[in-house]
There are 2 protein chains.
Amino acid sequence: MEKEVTIYDIAKRLNYSPATVSRALNDHPAIRSDTKDVITSMARQMGYRSNTFASNLRRQRTNTIGVIVPRLNSNFMSCALAGMEKVANEAGYNLIISQSLESARKEKANAKTMFDSRVDGLLVSVSYDTEDIEHFDDFINKGVPLLFFDRVIEHNQCPSIVIDNVKAGYEATTHLLEQGCTRLMHVTGNLKRNVYADRLKGYRMALQDRDIHYEKQLVLETDLSQEAGVEAARQLMAFPHRPDGLFVTNDLCAVTCMGQLKKAGLSIPADVAVVGFNNDPVSQVVEPNLTTIHYPGREMGEIAVKSLINHLNGLMDMQTTNTIILRSELIIRASSLKKAH
Amino acid sequence: MEKEVTIYDIAKRLNYSPATVSRALNDHPAIRSDTKDVITSMARQMGYRSNTFASNLRRQRTNTIGVIVPRLNSNFMSCALAGMEKVANEAGYNLIISQSLESARKEKANAKTMFDSRVDGLLVSVSYDTEDIEHFDDFINKGVPLLFFDRVIEHNQCPSIVIDNVKAGYEATTHLLEQGCTRLMHVTGNLKRNVYADRLKGYRMALQDRDIHYEKQLVLETDLSQEAGVEAARQLMAFPHRPDGLFVTNDLCAVTCMGQLKKAGLSIPADVAVVGFNNDPVSQVVEPNLTTIHYPGREMGEIAVKSLINHLNGLMDMQTTNTIILRSELIIRASSLKKAH
DNA sequence: CTGTTAGCGCGTTCAT
DNA sequence: ATGAACGCGCTAACAG
């Protein structure tokens, strides 16, 4: 293991002081541009690489952004992460990613690690069973920018980035009603989480606007897994007065559910019209293609990081931009089209 | 911004030396367990958090593993990353993830960043157009463990983790032949990459074992995108003597291709039997369900990190385990079953 | 078992 | 425009 080259080595070699070398390498204005040239080229020649830790230690910054998500292997989340990585990378930041696996306990542990790693900022989409955000208090108290996205928690010091889930739920439901559905089942996730609670709210508003009675038994709170899709199909078919419309807040779950319904001999959309959520690739593969809400995952990731970096650079304070709302979009495909064109 | 608590503050408060505090906090064996207790509880009480940079600077380690992948939003890759994160996290390592977006240029830039961040080890799946691995020489010269997975490049100093792609290709092809197919089209990715070259090799071996003439025109080298699936379907149908079997090395591409074939009135598997690759969720959604090769993504990620950490701990040197081969598995579903049960 | 000492490599005053 | 000197917080020798 050969010895690392430091600014001292460069300084000695060029008869400059380490201070000058440091300044030159950081493009400090008070250094003549020709000496800058000499120094940088010598640095390159000697195979110098700056030591991030020494620098971080000194500057009390890390150029690192932490990300905590429930799980990283869903289509939505991997797109969001891809967007984050791209923007962060271009801005010279590193990303440290960890997953809570839907457990508040693990989320807490991850938060501690992030805190100890002194990330400059933290992006969080909370787990299923997160109750409070005490475990993020350290960040807030220390003034480390904390930003929630997708699954957010209200906090007046933390901006959040979301889509308008109420509107999306409203649109999905209204679309089904416009297609002539009269009885809508709604399969969703943990109602503690804003995303699911809001979509339900939209569902209820759409019903109300058309004077349709809201039946609690038609709403299924699940974990949105594929198994949940199977179970949802079972329940749907068990109703004496069978629902003729189905709104599932996750495409993969919706698609599995559709599979079960078809297997049982029901026809889609004639017997049951279906709308999913996320615009996952599976939605364009299943037959009939699944009507769904396009969720701008990549864009959300990009904006989350951009916004965080702006905070870090002081271009924006935490108060001004408390909530950013991205546009989602209903994408109509065959699975919900009862009326032919 | 309140002042950070350091081990000096704890030491002073407890009348110990900083060294003792440091050792106690790191669970050093040569410290009495009761003084450990006193120190750790005081640390907690004072709101102490260890400073990773100072520690890294001193120990010349980072407890960070770098990962460079072509893109992180595919089902396979996000599962692999999920596995990596889990193992790394449990072992006290952080993950820095970046994507090359299939560009050798970006891969090179990412490698430099990783090097400057002084990652303890690096995991790489190379991009489509990576020609050489000069950009990783720094790591090799410095003795930083470098490990390739999935898309690997032969190098006697770098272990790699793969599945037996030749065998997988052989099995997929043989299965189609056993179903009575006589003319097999093969849609694959960039043949510079081991994964695709090996699968092709398996395809050819299977043909040879049954004395079937290999026709170059039946092999399509594509980017495996969904568009490529559409194009593949077009070409398949354009053959005067139409192929009756299709082996695509990517499920999403295969599924899109199937969609086109069905739209054109062909029946699957009767007219064309299809086998995909990866066992992506879409394979169980498409009709008929897609026969595919299960690729153990999550497991590969876990083993990659485990293996890297073993290297770091000196439990294993780079020579002993040059290649780890994981088991893949043919999963037979309806899309390839010409013979009824 | 515990303390003393000496850097790790850098950025930043304060000088000149 | 450049240099001298200090300290960020921690850990590893070496002593006892």
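- In the annotation of an unreviewed UniProt entry, chain A is listed under the name Substrate-binding domain-containing protein and assigned to Rudanella paleaurantiibacter.

## What to know about the protein's contact with DNA strand C
Here's step 1: For DNA strand C, the set of nearby residues contains 29 residues, the closest of which are Tyr 8, Tyr 48 and Arg 58 of chain A together with Thr 20 and Arg 58 of chain B.
Here's step 2: Of what DNA strand C places within 4 Å of the protein, 62% of the atoms are sugar or phosphate.
Here's step 3: Note that a phosphate oxygen of DNA strand C is positioned 3.4 Å from one of the backbone N or O atoms of Asn 51 of chain A.
Here's step 4: Between DNA strand C and the protein, one listed contact pairs a base nitrogen with a side-chain N or O atom of Arg 23 of chain B at 2.8 Å.
Here's step 5: Those elements giving two or more residues to the surface near DNA strand C turn out to be α1 (7-14), α2 (18-25) and α4 (52-59) of chain A together with α2 (18-25) and α4 (52-59) of chain B.
Here's step 6: With five residues, the top contributor of residues to the surface near DNA strand C is α4 of chain A.
Here's step 7: When grouped by side-chain class, the residues that make up the surface near DNA strand C number eleven nonpolar, eleven polar and seven charged.

## Focus on the pattern of salt bridges
Here's step 1: Under the defined criterion, the tally for this structure stands at 34 salt bridges over all chains.
Here's step 2: Of the charged contacts, one joins Lys 36 of chain B and Asp 27 of chain B as a salt bridge, the two residues approaching to 3.1 Å between their closest N and O atoms.

## Quick notes on the relation of the copies chain B and chain A
Here's step 1: Least-squares fitting of chain B to chain A yields an RMSD of 0.5 Å, with the superposition described by an axial translation of 0.3 Å and a rotation of 180°. The superposition of one copy onto the other is thereby described by a two-fold rotation axis.
Here's step 2: Interface overlap between copies is the fraction of interface residues in one copy that are interface residues in the other; for chain B against chain A it reaches 100%, indicating a shared surface.

## Details of the protein's contact with DNA strand D
Here's step 1: Among the 28 residues in the neighbourhood of DNA strand D, the closest are listed as Thr 20 of chain A together with Tyr 8, Ser 22, Tyr 48 and Arg 58 of chain B.
Here's step 2: Contact between DNA strand D and Thr 35 of chain A: a phosphate oxygen at 3.5 Å from a side-chain N or O atom of the residue.
Here's step 3: In the model, a base nitrogen of DNA strand D is placed 3.4 Å from a nitrogen or oxygen of the Ala 54 of chain B main chain.
Here's step 4: Every element with two or more residues in the surface near DNA strand D is listed here: α2 and α4 of chain A together with α1 (7-14), α2 and α4 of chain B.
Here's step 5: For the surface near DNA strand D, the leading source of residues is α4 of chain B, giving four residues.
Here's step 6: Of the residues belonging to the surface near DNA strand D, the class tally is ten nonpolar, eleven polar and seven charged.

## Looking at the UniProt feature "domain: HTH lacI-type" (unreviewed entry) in chain A
Here's step 1: Per the UniProt record, the feature "domain: HTH lacI-type" (unreviewed entry) sits at residues 5-59 of chain A.
Here's step 2: Structurally, residues 5-59 of chain A is divided into 69% helix and 0% strand, and its ends, taken at the C-alpha atoms, are 20 Å apart.

## Observations concerning the side chain of Asn 194 of chain B
Residue and element names in this part refer to chain B.
Here's step 1: Inspection of the secondary structure puts Asn 194 in helix α9 (residues 194-209).
Here's step 2: Within the structure, the side chain of Asn 194 is placed 2.9 Å from the backbone nitrogen of Val 152, a separation counted as a polar contact.
Here's step 3: The residues contacting Asn 194, other than those within four sequence positions of it, are Asp 150, Arg 151, Val 152, Val 162 and Asn 165.

## A short note on the packing of aromatic side chains
All names here are of chain A.
Here's step 1: One pass over the full model with this rule turns up 16 aromatic pairs over all chains.
Here's step 2: With a centroid separation of 6.0 Å and an interplanar angle of 75°, the aromatic rings of Phe 136 and Phe 148 are classed as edge-to-face. Taken together, the residues span a long stretch of sequence, with Phe 136 in the loop between β3 (121-124) and α7 (137-142) and Phe 148 in strand β4 (residues 146-149) at a distance of twelve residues. With respect to burial, Phe 136 and Phe 148 carry one shared label: buried.
Here's step 3: Taking the centre distance of 6.4 Å and the plane angle of 75° together, the rings of Tyr 203 and Tyr 214 count as edge-to-face.

## Examining a negative patch on the surface
Residues and elements named next belong to chain A.
Here's step 1: Together, Asp 132, Glu 134, Asp 137 and Asp 138 make up a negatively charged patch on the protein surface.
Here's step 2: With respect to the element layout, Asp 132 can be found in the loop between β3 and α7.
Here's step 3: On the accessibility criterion, Asp 132 (37% relative accessible area) is partly exposed.

## Describing the environment of Gln 260 of chain A
Here's step 1: Checked against the element boundaries, Gln 260 of chain A lands in helix α11 (residues 251-263).
Here's step 2: The residues contacting Gln 260 of chain A, other than those within four sequence positions of it, are Val 230 and Ala 233 of chain A.

## Notes on unusual backbone geometry
Negative phi is the rule for most residues except glycine; trans is the rule for most peptide bonds.
Here's step 1: Residue Pro 288 of chain A is reached from Glu 287 of chain A by a cis peptide bond, and omega for that bond is -10°.
Here's step 2: For Pro 288 of chain A, the location among the structural elements is in the loop between β9 (273-275) and β10 (292-294).
Here's step 3: That bond from Ile 268 of chain B to Pro 269 of chain B is cis: its omega, 5°, falls within 30 degrees of zero.
Here's step 4: Within the secondary structure layout, Pro 269 of chain B lies in the loop between α11 (251-263) and β9 (273-275).
Here's step 5: Unusually for a residue other than glycine, Asn 278 of chain A sits at a positive phi of about 115°.
Here's step 6: Take Asn 278 of chain A: it is sitting in the loop between β9 and β10.
Here's step 7: Although it is not a glycine, Leu 101 of chain B adopts a positive phi angle of roughly 50°.
Here's step 8: Looking at where Leu 101 of chain B falls in the secondary structure, it is placed in the loop between β2 (94-99) and α6 (104-116).

Analysis parameters
Residues numbered from 1 in each chain as written. Chains lettered and ligands numbered in written order. Predicted model: local features only at pLDDT ≥ 70, side-chain atom pairs only at ≥ 80, totals over all residues. Heavy atoms only, no water. Near = heavy atom within 4 Å. Polar contact = N/O pair within 3.5 Å; in protein donor to acceptor, adjacent residues only side chain to side chain. Helix = DSSP H or I, 4+ residues; strand = E, 2+ residues; numbered from the N terminus. Nonpolar A, V, L, I, M, F, W, Y, C, P; charged D, E, K, R; others polar. Salt bridge = Lys/Arg side-chain N within 4 Å of Asp/Glu carboxyl O. Least-squares fit on C-alpha atoms with pLDDT ≥ 70 in both. Contact = heavy atoms within 4.5 Å. UniProt positions renumbered as here; feature names shortened; annotations may be inferred. Phe/Tyr/Trp six-rings, centres within 6.5 Å; stacked < 30°, edge-to-face > 60°. Buried < 20%, exposed > 50% of the residue type's maximum accessible area, 1.4 Å probe, protein only. Patch = residues over 30% accessible without salt bridge, like charges linked within 9 Å, V, L, I, M, F, W, Y side chains within 5 Å. Areas by Shrake-Rupley, 256 points an atom, 1.4 Å probe, with all protein chains shown as cover. Lys, Arg positive; Asp, Glu negative; His and termini not counted. Charge placed at Lys NZ, Arg CZ, Asp CG, Glu CD.

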